[in-house]
Amino acid sequence: MTARVGIVTFPGSLDDRDAARAVRRAGGEAVPLWHGDRGLRGADAVVLPGGFSYGDYLRCGAIARFAPVMADLVPAARSGLPVLGICNGFQILCEAHLLPGALTHNAGLRFIDREVQVRIEHNGTPWTSGYGRQQEITVVLKSGQGAYLADGATLARLEADGQVVARYAGGSPNGAARDIAAVTNPAGNVVGIMPHPEHAIDPLTGPGGDGLGFFTSVVRALVAR
Amino acid sequence: MSAGASSGAQTPHGPGTAAAGTAAADTVAAATVTPRRPQPYAELGLTEEEYQRIRALLGRRPTDPELALYSVMWSEHCSYKSSRRHLRQFADKAPPVKGDGEAGRLLAGIGHNAGVVDIGQGYAVTFKIESHNHPSYVEPFQGAATGVGGIVRDILAMGARPVAVMDSLRFGPAGAPDTARVLPGVVGGISFYGNCLGLPNIGGELAFDPCYAGNPLVNALCVGVMRHEDLRFAVARGAGNKVILFGARTGPDGIGGASVLASASFGGGEAAKRPSVQVGDPFMEKLLVECCLELGAAGLLAGIQDLGAAGVSCATAELAAGGGSGMTVNLDLVPLRDSSLGPAEILMSESQERMMAIVEPQHVARFAGICARWDVPATVIGEVTGTGRLEMTWRGEVVVDIAPQTAASQGPVYDRPAARPAGQDALAADDPARLPRPAPGELLDTMLTLLSWPDLADKTWVTEQYDRHVLGDTVLAAPENAGVIRVDERTGLGVALATDGNGRYSRLDPYAGAQLALAEAYRNVAATGARPAAVTNCLNFGSPEDPAVMWQFAEAVRGLADGCAFLGTPVTGGNVSFYNQTGDVPIHPTPVVGVLGVLPDVRRRLPLGFRRPGAGLVLLGRTGADFGGSAWAWAVHGHLGGRPPAVDLTAERALAAVLAAAAQDGLLAAAHDLSDGGLAVALAESCVRGQSGPAGCHVSLPGDPFTMLFSESPARVVAEVAPGAEAALAALCQRHEVPVTDLGTVGGDRLEVAGCFSVAVDRLAAVRAAVLPALFG
C-alpha cells in the first residue's frame with residue numbers, strides 16, 4: 001500500500017506545496033485537504049503546514065482551529081491519527097489543545113530565517129522513528145512567533161513524560177523555553193515542530209536532506225501497520 | 001518646491017466639495033452649466049497648461065471626479081510625461097527579436113504590466129522592478145510593505161504565479177539617526193508583507209550614502225512564472241462583458257499617492273502626507289494571488305488589470321483604452337471601507353489588494369464561486385460597451401464621461417530642457433590618482449576598513465528577516481551573486497536574477513554609470529552560470545524640472561539602451577522615479593538594473609563560496625587602475641571624483657559566455673564577480689562563505705598589489721577551478737579572448753596574500769558580521 005498523507009491548506013497556508021513535495025519524496029501520496037471541507041479523504045496521517053493561516057489575525061493559529069476540517073481532524077488525532085504540525089501548524093495544534101503550551105514572539109521581536117541544528121530527543125513517535133536518539137539534524141527555522149512557552153508545571157511534565165521531541169542544539173535562537181523545538185502529546189501520535197523539516201529534503205534547495213526523516217518515518221510506520 | 005507639485009502642508013484629499021460623500025457630487029451636467037467654477041487643479045499636482053488641456057479635450061470643464069482621474073493618470077508617476085521621449089530608445093534600440101523557441105524571446109515587452117520572456121520548455125517568466133521611495137520615507141513600514149504588494153500584483157496581472165521577490169535599498173549614512181528610523185521600518189515592512197505572502201526574498205542590494213538621507217530608495221522586484229498559454233493582457237473587449245472589481249474594499253488610504261506623493265519633491269511637512277501612503281494586508285493579497293491563478297486556470301478572464309497607482313482610475317482607463325472599447329462603471333457599486341467616500345476619492349484611492357477583471361456574462365457565476373471559495377469579495381461594477389467612452393455614474397448621475405485613451409495614453413509629453421551640470425567637468429577632473437595610497441604594510445588595514453564599511457559588511461541582519469526558503473525552489477539567495485529559482489523540478493530549468501546600481505559611478509558619468517549597473521547585474525547573473533536574457537530597470541532621479549537632473553536622466557537612459565542593444569538583452573519594462581531630492585539637492589542619479597538569466601539546469605549553478613582545499617583559483621578578466629567612484633576612494637578618503645571604471649561590454653559578453661559554458665561543462669566549482677571593493681572584498685566574501693565553513697586561500701598577485709586588490713575594473717570574476725579542469729578552462733577562455741590569471745589555491749583557514757598579509761578567515765567574518773547589529777540592534 002501507499003501511505004496517504006493529508007496536507008491541509010488553510011487560507012494563508014504557505015508551505016503546503018513543500019510539505020506535499022516532502023511526502024512524495026518520502027514515497028507517500030500527498031492528499032490535499034481543504035480547510036472548508038469536512039472529512040479527511042481517507043488520509044492515514046495529516047500534516048498542518050507552515051504559513052500565516054488567516055493572516056495570523058487575532059493570534060497565530062487561533063482562527064484556523066475553528067475551520068471545518070478541524071472538526072474531523074481533532075477527534076481523529078485523539079484516536080491516534082499521526083498528525084504533524086509545522087510552524088504555523090504547530091501553533092494551530094496548540095490552539096486546538098492537541099498539544100500543550102503556546103508559541104509566542106521571538107526574543108528580539110524579529111522574524112528569523114536561519115538554518116538551525118536540532119537534537120532529536122524522542123524517536124518513539126511515528127514522525128521521528130527513523131532518527132537515532134540524540135541525533136542532530138539541520139533544518140530551517142523561519143518564523144516570527146516561534147518561541148515555545150508553557151507554564152513550569154507543564155514543562156516539568158513534558159520533560160518527565162518524555163514529550164520533548166526535539167531541542168535546539170547550541171541554544172534557542174528565539175527564546176524558546178528549555179530550547180524546545182518540538183513536542184508531542186502523551187500518546188506520541190501528534191507532533192508539533194517549529195523549524196521546517198520539509199525545507200531540508202534536498203541540498204539543492206535547503207541545508208541538506210536531514211528533514212526528510214520526518215516523512216520517511218511516518219510513511220514507513222503506516223506501511224508497516 | 002517644484003512647479004505643479006502641491007505644497008507640503010496640503011492634505012491630500014479629493015478636490016473641493018467632492019471630499020464629503022454626503023454632498024451632491026459634481027456631475028457632467030453641472031460642469032456644463034458652471035464652466036467657470038474654480039477648480040483645485042494645482043493642489044492635485046496639475047499645471048495650468050495641463051488643466052487647460054483637459055478642458056480642451058473635454059470641450060468643457062472637468063467634473064471633480066474627472067479632474068481627480070486626470071490628475072493621477074497624468075501624474076509623472078503614471079504618465080511618464082518627462083521620461084517618455086527618452087524611454088523610446090529601449091524599444092528603438094532593442095536587440096533583434098529572437099526566434100521561436102529560443103530562450104530569451106520576448107512574449108510581451110514594454111507597455112504591459114510587466115515584460116514576459118520565453119525561457120524554453122513552454123515556460124515564460126515575467127519580472128519587473130518598481131520604486132516605492134517616497135511612501136517608504138513618509139511611513140517606512142507600510143511604504144515598503146505595499147511596494148512589495150504592488151509589484152506582486154503587476155506580475156499576477158500578466159497571468160504568472162509570483163515566485164520570488166528582491167529589494168534594492170538605499171539609505172542615508174548608516175549611523176544617522178533618521179536611518180535608524182527608516183531602515184528597520186523598511187526591512188520590517190518587506191519582511192512582514194513578503195513573508196506573509198509566501199514569496200522567497202532572494203537578494204537585492206543595501207547601500208548607504210548621504211545623498212539618500214532625506215530620500216531613501218526602496219525598489220522592489222518580483223518575478224513570476226507561467227506557461228506560455230497563461231499569458232494575459234490588460235484589455236477590455238466585447239460589449240456586454242462585465243467589469244468586476246475584486247479583492248479588498250476601497251478605503252481612504254493612498255489617496256493621491258501617485259500625484260502628491262510620488263510625483264513631487266519633499267520640502268518638509270512629510271508627516272502630513274501619511275494619508276497618501278497605502279496600508280497593506282498581505283493575507284488578502286495571498287488570497288488574491290491564489291484566487292487569480294485559479295480564475296485564470298479556469299479560463300474565466302477575458303482581461304485583467306491590477307489596481308496600483310491611481311487605483312480605479314488607472315484600471316478602468318487602461319482596460320478601456322487597451323481594448324479600444326468603452327466602459328460604463330457605477331461607482332455606487334464599489335465596495336467601500338468608509339461610506340463617506342465620494343466619487344473623486346474612490347477614483348483616487350490606492351487601497352491595496354484589489355484587481356479588476358473583464359468577464360464574459362456567462363462566466364460571472366463561476367467567477368463569483370471561485371472568489372467565494374477564497375473569501376475574496378467580488379463585485380460587478382460595470383460593463384464593457386462599444387461607445388469608445390469611459391462613463392461613470394454615482395447616485396444616478398453621470399460624473400465621468402471621457403475618451404479613456406486621453407487619460408491612459410494621450411497625456412502630456414514634455415521635452416524637458418537638459419543641461420550638463422556646471423560642476424560635472426570639475427568633478428571628472430578630480431582624479432583619485434591624487435589620493436594617498438596605503439603602504440604595503442597597510443593593505444590589510446585597508447581591506448578591513450572596507451569590510452567593516454556598512455555597504456560591504458555582512459547583510460545577514462537584513463536578509464535573515466526575509467523568508468528565502470518558502471516554495472522550496474530557492475537554489476541561491478543573498479549573499480550569492482544572484483538569486484536562483486528552480487522553475488521545473490524534473491528538468492532543472494531555472495532563472496537567475498540580480499539587481500545592481502552604483503550612484504557614485506552614475507554621479508561621475510551617468511552614461512557610463514547606467515552601463516556599469518547593467519554590466520554588474522549581467523555579470524552577477526553570469527557568475528551563477530546563467531545566460532543573461534532580459535533587463536528591467538528602476539530609474540531613480542531628482543526633479544525632471546531641473547535641467548541638470550534631466551541631463552543625468554537622458555545620459556543614463558542612452559547608456560542603458562546602448563548597453564542593452566550591445567549585450568543583446570532587451571529592456572522588458574521598468575519604472576521611472578523622479579523627484580527624489582531634498583529641497584534643491586537631488587540624489588545621485590541612481591539607475592538600478594535588474595537582469596534575468598536562464599539556467600538550463602540549476603544543479604549546475606555556481607555558488608560564490610570556495611569549496612575544495614587544493615583547488616586552483618583564477619582571475620578572469622583584465623585589471624586596470626579604476627578608482628574613480630570606488631569603495632576605497634569613498635570609504636577611506638571620502639572622495640568622489642574622476643572617471644568611473646572603464647566600461648568594456650565586449651569583455652563582459654565574452655566573460656559571460658565563458659562562465660555559462662564553464663558551468664555547463666563543470667569546469668568551475670565556484671565563481672564570484674568583482675565589483676565594489678575589487679578583488680580584496682570578493683576574496684574575503686568567498687572565503688567567509690566557504691561551502692563547509694570558512695575556507696582560506698593562498699594568493700600571489702601579479703602586478704601592483706594595491707591596484708590588484710582594490711581596483712574596480714569591471715568584466716572580472718574570481719573563480720575556483722574544478723578538479724582537473726585547468727586545461728579545458730584555459731582553452732575556453734582563449735577561445736573567447738578572456739584573460740586568465742592564476743591567483744593561487746584554496747586551502748587552510750587564512751586568507752594569505754603573498755608578500756602583503758595573512759589574516760584568519762574567522763576574523764574577516766567577525767569584522768563583517770559585527771557592523772549592522774552594532775548599528776541597528
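Residues numbered from 1 in each chain as written. Chains lettered and ligands numbered in written order. Predicted model: local features only at pLDDT ≥ 70, side-chain atom pairs only at ≥ 80, totals over all residues.

Asker: Describe the overall build of chain A, listing the residues and the values that go with them.
Answerer: The helix and strand tally for chain A stands at five helices and 11 strands. Over its C-alpha trace chain A gives a radius of gyration of 15 Å, about what one expects of a compact globule, namely 17 Å for 225 residues. Seen through its principal axes, chain A has C-alpha atoms that stretch 40 × 35 × 35 Å. Classification of the 225 residues of chain A by burial places 60% in the buried group. At a minimum sequence separation of 6, the contacts of chain A that also span at least 24 residues come to 75%. (Helix = DSSP H or I, 4+ residues; strand = E, 2+ residues; numbered from the N terminus. Rg over C-alpha atoms; globule rule 2.2 N^0.38 Å. Buried ≥ 20, exposed ≤ 12 C-beta atoms within 10 Å, placed from the backbone. Contact = placed C-beta atoms within 7 Å.)

Asker: Give a detailed account of the packing of helix α3 (residues 64–73) of chain B against helix α11 (residues 311–323) of chain B, specifying residues and quantitative values.
Answerer: Residues and elements named next belong to chain B. The interhelical angle for the contact between α3 and α11, taken along N-to-C directions, is 80°, at an axis separation of 9 Å. Relative to α11, α3 is oriented roughly perpendicular. Contact residues: L69, V72 and M73 in α3; S313, C314 and A317 in α11. Here the residues of the contact of α3 with α11 sort into five nonpolar, one polar and no charged. (Axes fitted to C-alpha atoms, helices over the stretch in contact; angles between N-to-C directions. Parallel < 35°, antiparallel > 145°, perpendicular 65-115°, else oblique. Nonpolar A, V, L, I, M, F, W, Y, C, P; charged D, E, K, R; others polar.)

Asker: Account for the sheet that holds strand β9 (residues 326–330) of chain B, naming residues and giving values.
Answerer: Residues and elements named next belong to chain B. Read from one edge to the other, the open sheet built from seven strands follows the order β8-β10-β7-β11-β9-β12-β13, with strand pairing classed as mixed. Where the open sheet ends on each side, the last strands, each with one partner, are β8 (303–306) and β13 (397–402). Averaged over all pairs of adjacent strands, the angle between their axes in this sheet comes to 20°, without regard to strand direction. Where strand β7 (residues 242–247) lies against strand β10 (residues 354–359), six bridges are found, and the strand directions are antiparallel. Each bridged residue has a counterpart across the sheet, and for G247 the counterpart in β10 is R354. (Pairing = 2+ DSSP bridges.)

Asker: Before we move on, can you summarise the pairing of strand β23 (residues 668–673) of chain B with the specific residues and values?
Answerer: Residues and elements named next belong to chain B. For β23, the tally of buried residues reaches six of six residues, placing the bulk of the element in the interior. With five bridges joining them, β23 and strand β25 (residues 717–721) adopt antiparallel strand pairing. Residue pairing for β25: A671 is matched across the bridge by A719.

Asker: Account for the sheet that holds strand β18 (residues 571–577) of chain B, with residues named and values stated.
Answerer: All names here are of chain B. Strand order in the open sheet made by the six strands is β14-β15-β16-β21-β17-β18, with mixed pairing throughout. The sheet is open, and its two borders are formed by β14 (474–476) and β18, each paired with just one other strand. Shown here is a sheet whose adjacent strand axes are inclined to one another by a mean of 20°, direction ignored. Bridging between β14 and strand β15 (residues 483–486) involves two bridges; their strand directions are antiparallel. In the strand pairing of β15, L476 is matched with V484.

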